[in-house]
Amino acid sequence: EIAKDTDLYPEFSDEMIGDLRTSLELFIDDIVWSDQSDYRQLLLANHLFLNERLGKIYGRPEVKGSFRKVSLPDNARNGIITHPFLLTSFSYHNNTSPIHRGVFLTRNIVGLSLKPPPEAIEFKDNHFPPNLTMREKVTEMTSAKACMSCHSMINPLGFSLEHYDAIGRWRDKERNKPINDDGVLETDSGDRIEIKGPRDVAEYAANSPAAHEAFVRQLFHHTVKQPLLAYGPETSRQLEESFRHHGHNMCHLLIQM
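What counts, and at which threshold
Residues numbered from 1 in each chain as written. Predicted model: local features only at pLDDT ≥ 70, side-chain atom pairs only at ≥ 80, totals over all residues. Heavy atoms only, no water. 1 Å grid on protein atoms, 1.4 Å probe; cavity = no way out; pocket = protein on both sides within 12 Å on 5 of 7 lines; lining within 4 Å. Points joined across faces, edges and corners; volume = space filled by probe spheres on them. Helix = DSSP H or I, 4+ residues; strand = E, 2+ residues; numbered from the N terminus. Nonpolar A, V, L, I, M, F, W, Y, C, P; charged D, E, K, R; others polar. Buried < 20%, exposed > 50% of the residue type's maximum accessible area, 1.4 Å probe, protein only. Contact = heavy atoms within 4.5 Å. Salt bridge = Lys/Arg side-chain N within 4 Å of Asp/Glu carboxyl O. Arc of directions from axis to C-beta. Phe/Tyr/Trp six-rings, centres within 6.5 Å; stacked < 30°, edge-to-face > 60°.

**Q** Please give an account of the layout of surface pockets that cites residues and values.
**A** In this structure, the largest pocket encloses a volume near 610 Å³. As for the largest pocket, its lining consists of 19 residues, and the residues nearest its centre are I28, L42, I80, F215 and L219. Of all the elements, helix α9 (residues 209-224) adds the most residues to the lining of the largest pocket, at six residues. Within the lining of the largest pocket, the residues separate by chemical class into 14 nonpolar, four polar and one charged.

**Q** So what's going on with empty space enclosed by the protein? Which residues, and what values?
**A** In total, this model carries one cavity of 30 Å³ or more according to the counting rule given. As for the largest cavity, its lining consists of I81, L86, L87, F90, R101, F104, L105 and L161. Among the secondary structure elements, those contributing two or more residues to the lining of the largest cavity are α4 (84-89) and α5 (98-110). No other element matches α5, which puts three residues into the lining of the largest cavity.

**Q** Describe in detail the environment of W33, supporting the description with residues and values.
**A** Position of W33 relative to the elements: it lies in the loop between α1 (14-32) and α2 (41-44). A relative accessible area of 57% places W33 in the exposed class. Taking the C-alpha atoms as reference points, W33 and H221, 188 residues apart in sequence, are found 20 Å from one another. With residues up to four places along the chain from it excluded, the contact list for W33 reads C251 and L254.

**Q** Help me get a handle on the pattern of salt bridges, residues and values and all.
**A** Taken as a whole, this structure holds 16 salt bridges when the rule is applied. Between R53 and D19 there is a salt bridge; the shortest N-O distance is 2.6 Å. Of the two residues, R53 sits in helix α3 (residues 52-57) while D19 sits in helix α1, which places them 34 residues apart along the sequence. Overall, the relative accessible area of 10% leaves D19 in the buried class. The salt bridge involving R192 is made with E186; its shortest N-O contact spans 2.8 Å. Assessed through its relative accessible area of 56%, R192 is described here as exposed. A relative accessible area of 33% means that E186 is categorised as partly exposed. One network of salt bridges, in which partners are shared, links E11, D165 and R169.

**Q** So, unusual backbone geometry: which residues are in play, and what are the values?
**A** Look at R175: it is not a glycine, yet its phi comes out positive at around 55°. Topologically, R175 is positioned in the loop between β3 (173-174) and β4 (177-178). Even without being a glycine, K225 presents a positive backbone phi close to 65°. Tracing the backbone shows K225 in the loop between α9 and α10 (233-245). Relative accessible area serves as the criterion here: at 55%, K225 is assigned to the exposed category.

**Q** Mind laying out helix α6 (residues 134-141), listing which residues take part and the relevant values?
**A** The complete set of buried residues in α6 reads M134, R135, K137, V138 and M141. Along α6, the residues classed as buried sweep out an arc of 160° about the axis, all on the same side. Of the surrounding secondary structure, the elements contacted by the buried residues of α6 are α5, α7 (145-159), β3 and β5 (182-186).

**Q** Let's hear about the side chain of S23: which residues, and what values?
**A** As for its placement among the helices and strands, S23 is situated in helix α1. The residues touching S23, leaving out its near neighbours within four places in the chain, are F49, L54, F67 and H83.

**Q** Go over the packing of aromatic side chains with me, naming the residues and quoting the values.
**A** Aromatic ring pairs: the centre-centre distance and the angle between the two ring planes describe each pair. Tallied over the entire structure, the rule returns eight aromatic pairs. Judged by centre distance (5.2 Å) and plane angle (15°), the rings of Y92 and F123 are stacked. Taken together, the positions of Y92 in the loop between α4 and α5 and F123 in the loop between α5 and α6 put the pair 31 residues apart, joining distant regions of the chain. We classify F123 as buried; its relative accessible area is 15%. An angle of 85° between the planes, with centres 5.4 Å apart, marks the rings of Y164 and W170 as edge-to-face. Take Y164: its relative accessible area is 0%, and that puts it in the buried class. A residue is classified by how much of its surface remains accessible, and W170, at 40% relative accessible area, is partly exposed.

Fair warning: the whole summary comes from geometry, so function is off the table for now.
Structure (structure tokens):
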């Protein structure tokens, strides 16, 4: 169901998306079924699984043949949050989408809660001057006080991924302007976290009790097919404590479920 403007992204194809999904599945399997099975490596690992087609698109043309594990610099990829399949999925057909990416990170990775928006506002790219970057457009569109009750969390997380274009490739500029991926995350507990790119998001989530709680809750729902709270607050607390006590081992957590 993912579609892109092939004039802007001629590399995009159904085969490419199929490869990206396989890459994501290989990445998850590699970490979940490792000896450590460390949840934090889902966020912090600096490698991708690339085949020859993906290598040409994502800056590793030396990769030949079928999929293999490729290590990258820490600032190039940070676990699942910078995997190009997710970056591509949470983007528009012709540009990035800090809002879609930011909502995904807020709810599913960082574990913060979001209220339904008081008013749904459609993003209309042609309503903005053509020289504005996506960050500038989103900042202008969400500047109202009513919007910022949630966008104070959504925007800085989404902006942290702006170095990645609509198919997840690294870029340094947009509209001939340097990419700005800095921001301040205002959590629902009132904390203010400085963010300078996706590595800071990954490290925050890797060490955040709220993120750990969100992961336990989502894995339980995925595995048991029931919401965790249906089993009472004591079950939730026990699973979260055991998860931390056993070094955030996902296999151990699955056995307990």
